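Single-letter residue listing:
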Amino acid sequence: MLQNQPAAGNEPVLGRWRAEGSPGGRQRRATGDGRRATDDGAARLTFASGARSYPVIMRPARRLRVGIAAAILIMGAAVLAGCLPDEALVPRAASPTASESATAEPTPSATSTTPVMTLPKDCREILSPAILAELDGVPLNDPAFGESGLLADGTLRCNWGDPAADTTGLITTIEPMRHGEALDMLNALVADEGFSCYTPDDGTRCEKSWPNEQYPVTDGRTLFWRDGLLIDTRYSNLAPSGYTSAIIAAIWR
């Protein structure tokens, strides 16, 4: 049983608690209930049980509340951090290479919406002597292929080929086409049919070739757009070298 008697070198024992003294140290302020304030504002008490004493520090309630609030904030931040995706795991879109940009999204280089060049009126005048030499002996605009030559709307359609041939021939159409319409068409050819596009001669050129499904020959298509004019050539087993370039040179000379 504890006695309410003064202990040597200490202040009176209060019930089961007593406040420790600080001999030789800085004087601490008595609290009136047996506690002494420590340097940091905490009350230091000693719990006595039998022959043993146990020091206990009691912090002010305000600091305890601040500590609890800080702990809650830290725990909340940890929970939110666990919900965020790892940046290293988020896929990023790869930057297109120069070739991908030219092939995946062709853009007609000219921005005019009306032709600045006069439509050609003759299929032979738009070809160079070298190309005409390669086409020597090939019929031009045979009625068996339907409408050809200069059409009523100003379109020029040039049909080179022998109606008796199974597959050899080429047909070129030159017509007005606005910028937006040309862009949509060329992008569709790239996306849906795998055409390749690039921008030579101040225009946009798209092309593709493939094996003929029935004969061991090559079929293909080449398109060129500039200044509101579209040159569209389809061929099968007849593709004179420099054919489209010769037409471009003849129109934009």
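Here the structure is a predicted model, which means the values were calculated and not measured.

Conventions used here
- Residues numbered from 1 in each chain as written.
- Predicted model: local features only at pLDDT ≥ 70, side-chain atom pairs only at ≥ 80, totals over all residues.
- Heavy atoms only, no water.
- Salt bridge = Lys/Arg side-chain N within 4 Å of Asp/Glu carboxyl O.
- Helix = DSSP H or I, 4+ residues; strand = E, 2+ residues; numbered from the N terminus.
- Buried < 20%, exposed > 50% of the residue type's maximum accessible area, 1.4 Å probe, protein only.
- Polar contact = N/O pair within 3.5 Å; in protein donor to acceptor, adjacent residues only side chain to side chain.
- Contact = heavy atoms within 4.5 Å.
- Expected span 1.5 Å × (residues − 1).
- Arc of directions from axis to C-beta.

**Topic: the pattern of salt bridges**
Enumeration according to the criterion identifies three salt bridges in this entry. Put simply, Arg221 and Asp232 hold a salt bridge, and the shortest N to O gap is 2.6 Å. Linking Arg221 in strand 10 (residues 218-226) with Asp232 in strand 11 (residues 229-236), this pair joins segments that are 11 residues apart in sequence. In this pair, the class of Arg221 matches that of Asp232, namely buried. Here Arg226 makes a salt bridge to Asp227, at a shortest N to O gap of 3.3 Å. Residue Arg226 is classed as buried on the basis of its relative accessible area, which comes to 15%. Among the residues examined, Asp227 registers a relative accessible area of 15% and is labelled buried.

**Topic: the side chain of Arg226**
Within the element layout of this structure, Arg226 appears in strand 10. At 3.0 Å, the side chain of Arg226 forms a polar contact with the backbone oxygen of Asp201. Within the local environment of Arg226, its side chain forms a polar contact with the side chain of Asp227, the two groups lying 3.3 Å apart. Each residue touching Arg226, except ones within four places of it in the same chain, is listed here: Asp201, Asp202, Gly203 and Trp252.

**Concerning helix 4 (residues 179-193)**
Residues lying three or four places apart along an α-helix face the same way, a consequence of the helix completing one turn every 3.6 residues. Taking 1.5 Å per residue as the helical rise, helix 4 with its 15 residues ought to reach 21 Å, and the 21 Å between its terminal C-alpha atoms agrees with that figure. Within helix 4 the residues assigned to the buried category are His179, Ala182, Leu186, Leu189 and Val190. Seen from one end, helix 4 has its buried residues packed into an arc of 100°, which puts them on one side. In helix 4, those exposed residues whose orientation departs by more than 90 degrees from the buried face are Asp184, Ala191 and Asp192. Backbone geometry just after helix 4 places Gly194 at a positive phi near 75°.

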